[in-house]
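One-letter residues, chain by chain:
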Amino acid sequence: VYSFVMNGNNIFAGTYNNGVFLSTNNGESWTFSGLAHQNYDRHINSMAASGNNIFAGTNDSGVFLSTNNGGSWVQVNNGLTTLCVWCLASSGNYLFAGTSDKVFLSTNIGGNWTPVLSQYAGAIAISGNNVLAGGFGMFLSTNYGSSWTSAGLTGKQVNAIAISGNNIFAGIDDFNGGGGLFLSTDY
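For the structure given in this document, a descriptive report is provided here. (Residues numbered from 1 in each chain as written. Predicted model: local features only at pLDDT ≥ 70, side-chain atom pairs only at ≥ 80, totals over all residues. Heavy atoms only, no water.)

## Brief notes about the nonpolar core
Okay, so step 1: Counting residues in hydrophobic clusters, the biggest one holds 13 residues, and the most contacted among them are Phe-96, Val-103, Ile-124, Ala-133 and Trp-148.
Okay, so step 2: Looking at this core, the elements with two or more residues in it are β9 (85-91), β11 (103-106), β13 (123-127) and β14 (130-135).
Okay, so step 3: The contacts of Trp-148, once residues within four sequence positions are left out, are Phe-96, Val-103, Val-116, Leu-117, Val-131, Ala-133, Phe-139, Leu-140 and Ser-141.
Okay, so step 4: In this structure, Phe-55, Leu-65, Leu-80 and Phe-104 belong to the second largest nonpolar core, which totals 12 residues. (Core = buried A, V, L, I, M, F, W, Y, C linked by side-chain atoms within 4.5 Å. Buried < 20%, exposed > 50% of the residue type's maximum accessible area, 1.4 Å probe, protein only. Helix = DSSP H or I, 4+ residues; strand = E, 2+ residues; numbered from the N terminus. Contact = heavy atoms within 4.5 Å.)

Here you go:
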């Protein structure tokens, strides 16, 4: 399992090569929900939920959207310049996708994507109007992606971001055998 998202009482799990699975009973049982690829590996790298919409970011086919609890999926890639999506994050009408070369924003449930940051992003987190994108360093937008500033961790690969109140946690790898968890209490 590469990714999870909860939406109400439903848990969706994205896997390495076997698609998406859904549990409606706190993980006691799972049913196949689609997106397995027949010819080669498809990794469900990231998942996000917004209202009744479930999104899955893949390593080979961009972003998929389900509006019926995983019953069916459609690709929503208009404007994406790469189909390797490492991370997704949503807040209200804002959906961000981190790819191997840019961060993209959609404000219409994936119908159209606009590049907002020309950087690789392996992790994105949103708190209020603050958006943090982690790739090779950390980047901050305080206006939902209209502009960005460097937020530190330069030269380090940020693989995960979590925000709790004023605490920002970043899981990193610095390519020199080091890595770990970093904490910041300041945007």
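After that view, the rundown keeps rolling.
## Re the environment of Phe-32
Okay, so step 1: Inspection of the secondary structure assignment puts Phe-32 in strand β4 (residues 31-34).
Okay, so step 2: Residues Phe-32 and Asn-17 lie 15 residues apart in sequence; the distance between their C-alpha atoms is 12 Å.
Okay, so step 3: When neighbours within four sequence positions are excluded, Phe-32 is seen to be in contact with Asn-18, Gly-19, Val-20 and Phe-21.

## Overview of the sheet that holds strand β15 (residues 137-141)
What links the strands of a sheet is backbone hydrogen bonding, and the strands pair in either a parallel or an antiparallel sense.
Okay, so step 1: Spatially, β13-β14-β15-β16 is the arrangement adopted by the four strands of the open sheet, whose pairing is antiparallel. Because the sheet does not close on itself, it has two edges, and the strands there are β13 and β16 (149-150).
Okay, so step 2: The pairing of β15 with β16 spans two bridges and is classified as antiparallel. Within β16, the position partnered with Leu-140 by the bridge is Thr-149. (Pairing = 2+ DSSP bridges.)

## What about the sheet that holds strand β3 (residues 20-23)?
Okay, so step 1: Taken in spatial order, the four strands of this open sheet run β1-β2-β3-β4, and their pairing is antiparallel. Both edges of this open sheet fall to β1 (3-7) and β4, since each of them pairs with a single strand only. Within this sheet the neighbouring strands show an average axis-to-axis angle of 30 degrees, counted without direction.
Okay, so step 2: Inspection of the sheet shows β1 paired to strand β2 (residues 10-14) by five bridges, in the antiparallel sense. In the sheet register, Phe-4 faces β2, and the bridge partner there is Ala-13. (Axes fitted to C-alpha atoms, helices over the stretch in contact; angles between N-to-C directions.)

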